[in-house]
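Given next are the chains, with one letter for each unit.
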Amino acid sequence: MPIYEYQAKSEDASCDFCRAGFERLQKLADAAVLACPQCSHPVRRVISAPNVQSSSTDALKPKNVEKHGFTQYRKVGKGKYEKTAGKGPKKISA
Ligand SMILES: [Zn+2]
């Protein structure tokens, strides 16, 4: 199954989770994730295939630079997240 990456559509309407981007393992037939599972703000799928040339200069935008320092978290309790990958803080609590 492919892993899709999602990110907040707007930094103004996002939480730490979707602002940094998150990944979802999905079947091809699965519907795209439309909202952040944490804050319910709209997210978009990030196309990260290295050989796809974007029509704009997307690669230089902060959201793409951020991707290189991507940090992933898993939920360990109500409003609490523990880091599973990346360089971010070890734990996040609401
Ligand atoms: Zn969010």
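Residues numbered from 1 in each chain as written. Predicted model: local features only at pLDDT ≥ 70, side-chain atom pairs only at ≥ 80, totals over all residues. Heavy atoms only, no water.

**Student:** I'd like a description of the pattern of salt bridges, backed by residues and values.
**Tutor:** In a structure, side chains of opposite charge can pair up when their charged atoms sit close to one another. Under the criterion given, the structure shown has one salt bridge. One salt bridge connects Asp16 with Arg19, and the closest N-O pair in it is separated by 3.1 Å. Remark: Arg19 and Asp16 occur in helix 1 (residues 16-20); sequence separation between them is three residues, near one turn of the helix. (Salt bridge = Lys/Arg side-chain N within 4 Å of Asp/Glu carboxyl O. Helix = DSSP H or I, 4+ residues; strand = E, 2+ residues; numbered from the N terminus.)

**Student:** Requested: an account of the nonpolar core, with residues and values cited.
**Tutor:** With ten residues, the main nonpolar core is built from Tyr4, Tyr6, Ala8, Cys15, Phe17, Cys18, Phe22, Val33, Cys36 and Val43. Elements supplying a minimum of two residues to this core: strand 1 (3-8) and helix 1. If you tally residues by element for this core, the top one is strand 1, at three residues. (Core = buried A, V, L, I, M, F, W, Y, C linked by side-chain atoms within 4.5 Å. Buried < 20%, exposed > 50% of the residue type's maximum accessible area, 1.4 Å probe, protein only.)

**Student:** Let's hear about the coordination of the zinc ion: which residues, and what values?
**Tutor:** At this site the zinc ion is bound by Cys15 (SG), Cys18 (SG), Cys36 (SG) and Cys39 (SG), with donor distances of 2.2 to 2.3 Å. For the zinc ion, the four donor atoms are set out with angles of 107 to 113 degrees between them, so the coordination reads as tetrahedral. Sequence spacing of the donor residues for the zinc ion, all on one chain, is C-x2-C-x17-C-x2-C. Of this pair, Cys18 sits in helix 1 while Cys39 sits in the loop between strand 2 (22-25) and strand 3 (43-46); the two residues are 21 residues apart in sequence, bridging distant segments of the chain. (Donors = N, O, S within 2.8 Å, 3.2 Å for Na, K, Ca; no water. Tetrahedral: all angles 85-135°; square planar, octahedral: opposite > 155°, others 65-115°.)

**Student:** Summarise the sheet that holds strand 2; cite the residues concerned and give the values.
**Tutor:** Taken in spatial order, the three strands make up an open sheet running 2-1-3, and their pairing is antiparallel. Both edges of this open sheet fall to strand 2 and strand 3, since each of them pairs with a single strand only. Within this sheet the neighbouring strands show an average axis-to-axis angle of 40 degrees, counted without direction. Looking at chain direction, strand 1 and strand 3 are connected through four bridges and run antiparallel. Each bridged residue has a counterpart across the sheet, and for Glu5 the counterpart in strand 3 is Val46. (Pairing = 2+ DSSP bridges. Axes fitted to C-alpha atoms, helices over the stretch in contact; angles between N-to-C directions.)

**Student:** Mind laying out the packing of aromatic side chains, listing which residues take part and the relevant values?
**Tutor:** A complete count under the given rule lists three aromatic pairs for this structure. Pairing Phe17 with Phe22 gives two aromatic rings, centres 4.9 Å apart and planes at 20 degrees, and the pair type is stacked. Residue Phe17 is classed as buried on the basis of its relative accessible area of 17%. What makes Phe22 buried here is its relative accessible area of 3%. Aromatic ring contacts, followed pair by pair, group Tyr6, Phe17, Phe22 and Tyr81 into a single cluster. Looking at Arg45, its charged tip hangs above the ring of Tyr4, at a distance of 4.0 Å from the centre. (Phe/Tyr/Trp six-rings, centres within 6.5 Å; stacked < 30°, edge-to-face > 60°. Lys NZ or Arg CZ within 6 Å of the ring centre and 35° of its normal.)

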